[in-house]
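# Observations on the three-dimensional arrangement
Here's the letter readout for the chains.
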Amino acid sequence: MARSRQTNDNLWTLITAPTIWALHFLASYVVAAIHCAPNEDIFQPIVETRIMVGVITAIALVLIGLVLWRSFGEWRRHGGGYRHNEDTDIDRERFLEFSTVLLAALSFIGVVFVGLPALLVVDCR
Amino acid sequence: MSDATPMPEDTGRSPDAEAVRRGQEERLEKVWETPKGWRYWSAVNNTEVGIWYTATSFAFMLFAGVLGLMVRVQLAVPENDFLTATFYNQVFTLHGTVMMFLFAVPIFEAVAIVLLPQMLGARDLPFPRLSAFGYWCFLIGGVFVSGSIFFGAAPEGGWFMYPPLTTQERFTPGYGPDIWLLGLSFIEVASIAAAVELIVGTLKCRPPGMRLNLMPLYAWYVLVVAGMILFAFPPLIAGDILFELERLFHWPFFDPERGGDPVLWQHLFWIFGHPEVYIVFLPAIALVAMIVPTFARRPLLGYSWIVLAAVGTGFLSFGLWAHHMYATGLPAISLGFFSAASEAVAIPTGVQIFVFIATLWTGRVVHSVPMLFVSGALAVFVIGGLTGVMVALAPFDWQAHDTYFVVAHLHYVLIGGMLFPLVAGVYYYWPLVGSRRLSDRLGRIAFWLMFVGFNLGFFPMHLSGLIGMPRRVWTYPAGLGLDLPNLLSTVGAFIFATGILIIVFDILRPKGKQPYAERNTWQAGTLEWLAEVPGKSWGVRSIPIVKTRYPLWEQPNFMRDYDEGRFYLADAQEMKRETMVTSVLDGEPVQCLRVPGPTFMTMVAAILLGAVFILATFHFWYATIVAMVASTISIIVWLWHGTAMIPEKPEKDVGLGLTLPLYMSGPKSVGWWAMFITMIGDGTAFLSLVFAYFFYFTIHPEFPPAGVDGPGLFWPMVSLALMLGAWAAAGIALRVNRAGSVGIARALMAAGVALALAGGAALVWAPFGAGLDPVVHVYQATVWVIVIWTAAHVAVGALMLAYCLARSFAGKLTPVYDIDISNVALYWHFMAGTALITVATIALSPLAA
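A quick note: this is a predicted structure, and the numbers were derived from the prediction, not measured.

Conventions adopted
- Residues numbered from 1 in each chain as written.
- Chains lettered and ligands numbered in written order.
- Predicted model: local features only at pLDDT ≥ 70, side-chain atom pairs only at ≥ 80, totals over all residues.
- Heavy atoms only, no water.
- Helix = DSSP H or I, 4+ residues; strand = E, 2+ residues; numbered from the N terminus.
- Rg over C-alpha atoms; globule rule 2.2 N^0.38 Å.
- Buried < 20%, exposed > 50% of the residue type's maximum accessible area, 1.4 Å probe, protein only.
- Areas by Shrake-Rupley, 256 points an atom, 1.4 Å probe, with all protein chains shown as cover.
- Lys, Arg positive; Asp, Glu negative; His and termini not counted.
- Charge placed at Lys NZ, Arg CZ, Asp CG, Glu CD.
- Contact = heavy atoms within 4.5 Å.
- Salt bridge = Lys/Arg side-chain N within 4 Å of Asp/Glu carboxyl O.
- Buried area = accessible area lost by both parts, 1.4 Å probe.
- Axes fitted to C-alpha atoms, helices over the stretch in contact; angles between N-to-C directions.
- Parallel < 35°, antiparallel > 145°, perpendicular 65-115°, else oblique.
- Left-handed = near helix turned anticlockwise from the far one by under 90°.
- Bend = angle between axes of the 7 residues up to and from the residue.
- Patch = residues over 30% accessible without salt bridge, like charges linked within 9 Å, V, L, I, M, F, W, Y side chains within 5 Å.
- Polar contact = N/O pair within 3.5 Å; in protein donor to acceptor, adjacent residues only side chain to side chain.
- Disulfide = S-S within 2.5 Å.
- 1 Å grid on protein atoms, 1.4 Å probe; cavity = no way out; pocket = protein on both sides within 12 Å on 5 of 7 lines; lining within 4 Å.
- Points joined across faces, edges and corners; volume = space filled by probe spheres on them.
- Nonpolar A, V, L, I, M, F, W, Y, C, P; charged D, E, K, R; others polar.
- Pairing = 2+ DSSP bridges.
- Phe/Tyr/Trp six-rings, centres within 6.5 Å; stacked < 30°, edge-to-face > 60°.

### Details of the overall build of chain B
Tallying secondary structure elements over chain B gives 24 helices and four strands in all. Its C-alpha radius of gyration of 28 Å places chain B within 12% of the 29 Å reference for a compact globule of 849 residues. For the C-alpha atoms alone, the extent of chain B along its principal axes is close to 85 × 75 × 50 Å. Here chain B, with 849 residues, has 64% of them falling under the buried criterion. Carbon and sulfur atoms provide 70% of the accessible area of chain B, an area that totals close to 29,500 Å². Side-chain charges of chain B comprise 46 positive and 53 negative groups, with the mean position of each set lying 10 Å from the other.

### Comments concerning the side chain of B:Ser148
Position of B:Ser148 relative to the elements: it lies in the loop between helix 4 (128-147) and helix 5 (176-204). Not counting chain neighbours up to four residues away, the residues in contact with B:Ser148 comprise B:Ala153, B:Ala154, B:Pro155 and B:Ile179.

### Here we look at the pattern of salt bridges
Residues and elements named next belong to chain B. Inspection of the entire model under this criterion finds 31 salt bridges over all chains. Here Arg 738 ties to Asp 818 by a salt bridge, and the two come within 2.8 Å at their closest N and O atoms. Taken as a pair, Arg 738 in helix 21 (residues 714-738) and Asp 818 in the loop between helix 23 (778-809) and helix 24 (819-848) lie far apart in primary sequence, 80 residues in all. What makes Arg 738 partly exposed here is its relative accessible area of 44%.

### Observations regarding the interface of chain B and chain A
With 43 residues of chain B in contact, the opposing surface of chain A contributes 46 residues. A combined buried area of about 3,800 Å² lies between chain B and chain A, and 76% of that area is made up of carbon and sulfur atoms. For the interface between chain B and chain A, the tally reads three salt bridges. Note that A:Asp87 is salt-bridged to B:Arg211, the shortest N-O span being 2.9 Å.

### Focus: the packing of helix 20 (residues 670-699) of chain B against helix 23 of chain B
All names here are of chain B. It is the contact of helix 20 with helix 23, at a shortest axis distance of 8 Å, that shows an interaxial angle of 160°. Judged by the inter-axis angle, helix 20 sits roughly antiparallel to helix 23. Relative to helix 23, the crossing made by helix 20 is left-handed. Contact residues: helix 20 offers Met 675, Asp 682, Ala 685, Phe 686, Leu 689, Val 690, Ala 692, Tyr 693 and Tyr 696, while helix 23 offers Val 778, Tyr 779, Thr 782, Val 783, Val 785, Ile 786, Trp 789, Thr 790, His 793 and Met 800.

### What about helix 13 (residues 404-434) of chain B?
The α-helix winds at 3.6 residues per turn, so residues separated by three or four positions along the chain end up facing the same way. Residue and element names in this part refer to chain B. Along its length, helix 13 shows its largest kink, about 45°, at Tyr 428, and proline Pro 431 lies within four residues downstream of that point. Counted residue by residue, helix 13 has 27 buried out of 31 residues, so it is predominantly covered. Positive phi appears at Ser 435, one or two residues downstream of helix 13, with a value of about 65°.

### What about a nonpolar patch on the surface?
Residues and elements named next belong to chain A. On the surface, Val 47, Ile 51, Val 55, Ile 59, Val 62, Leu 63, Leu 66 and Trp 69 cluster together into a nonpolar patch covering about 810 Å² of accessible area. Relative to the helices and strands, Ile 51 is located in helix 3 (residues 47-77). Judged by its relative accessible area of 52%, Ile 51 falls in the exposed class.

### A word on the side chain of B:Gln591
Residues and elements named next belong to chain B. Its place among the elements puts Gln 591 in strand 2 (residues 589-594). Within the local environment of Gln 591, its side chain forms a polar contact with the backbone oxygen of Leu 662, the two atoms lying 3.3 Å apart. Not counting the four nearest positions on each side in its chain, Gln 591 is found in contact with Thr 579, Met 580, Val 581, Leu 660, Pro 661, Leu 662, Tyr 663 and Met 664.

### Side note on the state of the cysteines
One covalent bond between the sulfur atoms of two cysteine residues makes up a disulfide. All names here are of chain A. Per the stated rule, a full pass over the model turns up one disulfide over all chains. Through a disulfide, Cys 36 is tied to Cys 124; the S-S separation comes to 2.0 Å. Since a negative S-S torsion denotes a left-handed disulfide, the Cys 36-Cys 124 link at about -75° is left-handed. Of this pair, Cys 36 sits in helix 2 (residues 16-36) while Cys 124 sits in the segment after helix 4 (89-120), and the two are 88 residues apart along the sequence. The exposure classification of Cys 36 matches that of Cys 124, with both residues buried.

### Structural notes on empty space enclosed by the protein
All names here are of chain B. With the rule as written, the count across this model stands at seven cavities of 30 Å³ or more. Size it by volume and the largest cavity reaches roughly 120 Å³. Considering the residues around the largest cavity, the lining is formed by 14 residues, among which Pro 216, Leu 217, Thr 526, Arg 549 and Tyr 550 are closest to the centre. The element best represented in the lining of the largest cavity is helix 7 (residues 262-296), accounting for four residues. Residue classes in the lining of the largest cavity are distributed as ten nonpolar, three polar and one charged. Its boundaries defined by the atoms lining it, the second largest cavity holds a volume of some 80 Å³. Together, Ala 104, Ile 107, Phe 108, Val 111, Tyr 218, Val 280, Pro 283, Ala 284, Leu 287, Met 418 and Leu 422 line the second largest cavity. Counting residues per element, the ones that place at least two in the lining of the second largest cavity are helix 3 (85-119), helix 7 and helix 13. Of the residues that constitute the lining of the second largest cavity, the class distribution is eleven nonpolar, no polar and no charged.

### Things to note about the pairing of strand 1 (residues 578-582) of chain B
All names here are of chain B. Of all five residues making up strand 1, five are buried, and the element is well covered by its neighbours. Relative to strand 2, strand 1 is paired through five bridges, and the arrangement is antiparallel. Its bridge partner lying in strand 2, Val 581 is registered against Gln 591. Between strand 1 and strand 2, which pair antiparallel and follow one another directly, the connecting turn spans six residues, one of which, Gly 587, has a positive phi of 60°.

### Considering the environment of B:Tyr40
Residues and elements named next belong to chain B. Note on placement: Tyr 40 falls in the loop between helix 1 (15-31) and helix 2 (46-75). Tyr 40 gets classed as partly exposed once you look at its relative accessible area, which sits at 28%. When the C-alpha atoms of Tyr 40 and Thr 599 are compared, they prove to be 9.8 Å apart, with 559 residues separating the residues in sequence. Setting aside anything within four residues of it in sequence, one finds Tyr 40 in contact with Thr 34, Pro 35, Glu 48 and Trp 52.

### Examining the packing of aromatic side chains
All names here are of chain B. Counted according to the given criterion, the structure contains 92 aromatic pairs over all chains. Considering the side-chain rings of Trp 180 and Trp 265, the 6.4 Å spacing of their centres and the 70° angle between planes classify their relative orientation as edge-to-face. One end of the pair, Trp 180, is in helix 5; the other, Trp 265, is in helix 7, with 85 residues separating them in the sequence. Its relative accessible area of 0% is what places Trp 180 among the buried residues. Since its relative accessible area comes to 0%, Trp 265 is described here as buried. Ring centres 6.3 Å apart and planes at 85° place the aromatic pair Tyr 278 and Phe 281 in the edge-to-face group. Linking Tyr 278 with Phe 281, this pair stays in helix 7, spanning three residues, or about one helical turn. An aromatic cluster of at least three residues, connected via ring pairs, comprises Phe 101, Trp 159, Phe 160, Tyr 162, Trp 180, Phe 233, Phe 243, Phe 254, Trp 265, Phe 269, Trp 270 and Phe 272.

As structure tokens, then:
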């Protein structure tokens, strides 16, 4: 196992994907708020806002995808498996990698969910 | 890592070994002894403080429960006049407030303070006095808020205190909202203190060998929930500040006539309020995660999936806040984001329920009272979760908003997701606290009364809500179809309350004749069950080496080795309280930490700080200032005599051939982490104020309003330069001091004090000199509040540097022993960030606009 080329997983790498989710959420909310909060012309189509949310969503999905790809690959290269209750470095590493995979998958779904309103809502009503 | 160290091979039965062991135990007992007589109240040990904390929050729960029953009596029949309308408002406001702020959140902290050290095989948490301080704050603030109802002065604006109802004297005269705001702000101090303590405890005080993948799931939940508190409570503190400034000094944050907006309060409140639901729910589910394996007689399935659920819920729950605000007229696209996140959070929440079911399915379930309450919890919570999925959809919510449907939903979630698991935990863990088991028979009777009573009481509320009964109404007319559901709800509530009373009776009844429970009475596998019966105040006999998730099941001879003191720190040769600090990832021993013992200082500091908040409530300004000075002095005295103590020798032998340092500063020390974590919470509160600024920026076409000049560029830039100078002084002082140039370091600390004070003064001068009047418009008020926040923090930073200077002269801060300046330098990193954002916001962004 070429451990040197692998990331040493820790609590920060564990929460990277959900942090991207949170930033995506915040950015989408701010973009919409800047356009719609003055609440003046609510029937005006908000094409640019929707495109911007779409772009933010795409970036977030790519980033989370990278996290997913990395952690999944490393988990597989460390032998995969769903039991990581041994008192060894490798088990701790595999546990963190697999948990990262799960969190990244959840974050991916979360970003897709949050991006959907931009597909469906056309103005500031 | 010395986890491979073999156990000494002697049998431990020779007379010599026996004498050594007795000597060790006597010393440990003496060192960890609970103070006697009136000095008992100076205890800081987690066993005492945790139990006071738990008992106090249960007492508040019973008090709030009585208020709930009063609500139900009033609503039992139409046109009732059991309570007056005003008093009814106070009763339901206090019911919600006390249940949430004085029971649901504190009970998490309380139970974690009791259990976490035991689960981690630690003697105590790293900052026992901080826990005690938090407890006294909680008690004082809680009594203050709850007591107000006996004077007819309780808050009456609902537990979320929406302005303008609560900000304007003509709607809510009296001190009610001030009591709510200041009393609860004070309690939030306690919550954040507990969060700091629990995060550092989980990360740094695990037993040797307990890697992240071997941590008990309870500890994972504690870590996540304490982290959530750090990001959830500060926005509410920021909201409280804005709210009080409006009430006391008429600064117009929520007054639309002067540019304010009441919706901002709703944002800040629910950025706190929605994560709070999960802050309440996750720790209770954590108890389930400990109980289920014990009674399924097998390890929990899907450890990683539980970590996913805990961490995932922790994050997603922050994207839900506006689902309480669907009816405020936010644009549909924003509602969509919140609705989507609210649906997504059902995934991790559901995952943990499935993990529990799968574990029970594949195990051999032993029937018991704790399991009965766990099954009840799962059933009730699932119903609450399903209605949650319904109200998370904006169109449905527009129909159900502010009706009894929501009341039904939230009680199903909280009672199923929190109260039932908590009672399961009480029955499960009582033998650790009271040395005896609670009664199986009474437990079963209590369960069925509670389960039937709860469903009878709260299920009809779905119907009364759908029929159209609004929340918070004092009474309702007959003949709308509401009579029967309301009567059933009242009957159910009383049956439910009878169940609770039986539990209270079971806990309080004298059990003198009943034999002690056997040790590890449920045959569990985790470390907390190492506790002797009756319990010892030393926490753990020796700090064990952990290699599995369930050491009592999976490590042979574990309990014997532990009892015979064959692990670390089996003795207290120097007669000091000690525990072990380990590394975050793998639990490798790093330091032998001396923890402080009993003191009344924490109580004194809490009383004085409480006085600040209480005196401010009644506008006794001079007395408030005196109390503020006194509380600051008390905290300094506490720190001076109790923290960063220089040990009599640099390191000590902790047993098994391992020698560890007794003192450590910088990122490896617990104090550094505590400062780091505190500053994250502090930074979140600051960013919430900045959020307010940009919130007003987005809702106003012109911000600053036309014709108003900002604080200009000159003075803010001067102040920024001075503050950054102080930051540099603090950082260089740390390095220079460490390099041994004590004189230069002292000069830098003194210069830092001067620069900081000058910077703070220049910052305050900027809006003052420009003539910004905070009462006129929300723009001026927001600039002022950000300036005051930063100036106050600079003043605290100056005080810290002065403290380091004094410590250096007193010989308590040296080039080797430098925790104080190391932590203060860290504070100044955050301070520099705060200063930059402040100046960028108030001086630079209006120009850009």
